[in-house]
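# Summary of the model geometry
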Amino acid sequence: MFGIPIRKSAAAFATLLLFTAGCGQAEPSRDPVATARPPVPAAGPEKAATVITVFSDYRCGHCRAFHTTLEHYRRDNPGVRIVYRDWPVLGRESVEAARWAIASNFQDRHADFNAALMTAPQRMSRSDLLVAARTADLDLDRLNQDLFAKASDIDAILQSNDALARSYGLQGTPGIVIGDIIVPGAIDRATLDQVIARAGKQSAQPNRS
């Protein structure tokens, strides 16, 4: 299932907390290669108390809806860290868009390009990508060079994103990981606030193991 609809009720919120640490081999509270090389695109302080990892596809409508929610949250909470894990599950155009997005990070232009792609036409044709790149003020010559010269690095990031998403049990986009909580689908701002508060309470609990 790709793009799970936004849920708003309290009962629906309970169903969002379907996965917690222990359901997979990964550690949701520690995104394992968020600061590795090659760098996975991220924004916000590296030592932030709250880290939100988002698995998304630029052609996914629900990913776009959640992107708007997430940007509003980030504007109100500049100390949060967002890790952007491209997971192109909707076809060849999605893969190409993801590759361009990761390549833009080598120019330190990912934030602007990510925003441009999230508002570009969902078909993600080459012309759509070029328009978004110009909107984000990317150096197109540098972008083409990086897409070629750093292809193996980009492939490694996409492969690790796919493996990590599957280790969390995700079946489609968007997928959201906050602390020990894994949310399989888009959520609205009120629910995002609830999930972050729940994750904070869990991290504050003493380790009884």
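Heads up: these notes are all about the structure in this document. (Residues numbered from 1 in each chain as written. Predicted model: local features only at pLDDT ≥ 70, side-chain atom pairs only at ≥ 80, totals over all residues. Heavy atoms only, no water.)

## Quick look at the pattern of salt bridges
Scanning all chains against the criterion turns up 11 salt bridges. Measuring nitrogen to oxygen at the nearest pair gives 2.6 Å for the salt bridge that ties Asp112 to Arg109. The exposure class assigned to Asp112 is partly exposed, which follows from its relative accessible area of 39%. Among the residues examined, Arg109 registers a relative accessible area of 25% and is labelled partly exposed. Residue Asp162 is joined to Arg166 by a salt bridge in which the shortest nitrogen-to-oxygen separation is 3.0 Å. Here Arg166 and Asp162 lie together in helix α7 (residues 151-167), a separation of four residues that amounts to about one turn. (Salt bridge = Lys/Arg side-chain N within 4 Å of Asp/Glu carboxyl O. Buried < 20%, exposed > 50% of the residue type's maximum accessible area, 1.4 Å probe, protein only. Helix = DSSP H or I, 4+ residues; strand = E, 2+ residues; numbered from the N terminus.)

## Some words on the packing of aromatic side chains
Evaluation of the coordinates by the stated rule reveals two aromatic pairs. Judged by centre distance (6.3 Å) and plane angle (75 degrees), the rings of Phe55 and Trp87 are edge-to-face. Of this pair, Phe55 sits in strand β3 (residues 51-56) while Trp87 is found in the loop between β4 (81-86) and α3 (92-104), placing the two residues 32 residues apart along the sequence. We classify Phe55 as buried; its relative accessible area is 0%. Among the residues examined, Trp87 registers a relative accessible area of 5% and is labelled buried. Members of the aromatic cluster, connected to one another through ring pairs, are Phe55, Trp87 and Tyr168. (Phe/Tyr/Trp six-rings, centres within 6.5 Å; stacked < 30°, edge-to-face > 60°.)

## Focus: the pairing of β4
Two faces make up the sheet, and in a regular strand the side chains alternate between them. Burial within β4 is extensive, with six of its six residues counted as buried. On β4, burial covers both faces: Arg81, Val83 and Arg85 on one face and Ile82, Tyr84 and Asp86 on the other are all buried. One ladder, built from two bridges, connects strand β2 (residues 42-43) with β4; its direction is antiparallel. The residue of β4 that forms the bridge with Ala42 is Val83. The pairing of β3 with β4 spans six bridges and is parallel. Bridge pairing in β4 links Ile52 to Ile82. Traced from β3 through helix α2 (residues 61-76) to β4, the parallel crossover comes out right-handed. (Pairing = 2+ DSSP bridges. Right-handed = clockwise from strand over helix to strand, strands pointing away.)

Distances and angles like these do not, on their own, reveal function.
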